[in-house]
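# Examination of the molecular architecture
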Amino acid sequence: RFARLLLFATMCLMSASTLRADLIAYYPFDEDSSDQSGNGNDGFDDGDAAPAGPNSGFVDGAYQFGGAGHVVVPIDINSAEYEQLTVTMWVKPDASIVNAPGLYKTFGHDDGGWDRTFGLDTREEGVFRYAAFTGGARPGPTPDTGTPVTSDWTFLAAVWDVEEFGDGTVTFYANQNSVEEVINDTPSAHFESAIGNLRP
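Rules behind the numbers
Residues numbered from 1 in each chain as written. Predicted model: local features only at pLDDT ≥ 70, side-chain atom pairs only at ≥ 80, totals over all residues. Heavy atoms only, no water. Helix = DSSP H or I, 4+ residues; strand = E, 2+ residues; numbered from the N terminus. 1 Å grid on protein atoms, 1.4 Å probe; cavity = no way out; pocket = protein on both sides within 12 Å on 5 of 7 lines; lining within 4 Å. Points joined across faces, edges and corners; volume = space filled by probe spheres on them. Nonpolar A, V, L, I, M, F, W, Y, C, P; charged D, E, K, R; others polar.

## A short note on unusual backbone geometry
The backbone phi angle of Phe-29 is positive, close to 55 degrees, even though this residue is not glycine. Looking at the element boundaries, Phe-29 is found in the loop between β2 (22-27) and β3 (44-47). The residue Asn-175 is not glycine, and still its phi comes out positive at about 55 degrees. Mapping Asn-175 onto the fold places it in the loop between β12 (167-174) and β13 (177-184).

## Quick word on empty space enclosed by the protein
Applying the stated rule across the entire model yields 1 cavity of 30 Å³ or more. There is about 40 Å³ of room inside the largest cavity. Trp-114, Asp-115, Arg-116, Phe-133, Thr-134, Gly-135, Trp-160, Ile-183, Asn-184, Asp-185 and Thr-186 together form the lining of the largest cavity. In terms of residue class, the lining of the largest cavity is made up of 4 nonpolar, 4 polar and 3 charged.

Here it is, written out as structure tokens:
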């Protein structure tokens, strides 16, 4: 089954470990998956991940994923590296995804332990919506954000804030809707992250 997901432009990773946000990476996806933050965290296109071209429907660039690829980025997003982390992106699922509810993660480094990951999910009361993983304290995706899954561009953001011993919260935003959940931030064995999939 071919399922396409378009990811825009401002794919940002920010650490809030100081009083100001520090930009870790910025992927405008205008021609490739290079990091434009100046930090050298260039992505590596794998499988069917490719620039969407001028017909993506967004102001700048976008990448498309057909279900057999992702962009791997050399960033370890485990809480040992970043206790506070914000990841933002614009996404647009096509009709094949909207009409076939399931698990379509747009960002993550999950190794099977419900790690820092988010995207489309249907496992909470059967509601197909954007959600983030919540770790070992309450394994599963965040509750329904109330955001309809359409073929429109949707702004997503996940904000992780972890205290000592793996306790913390994730606040997940889908357009104007948000939900905050307590998490047990489990470490992932992956030291890279994936854009367009749940793991590198």
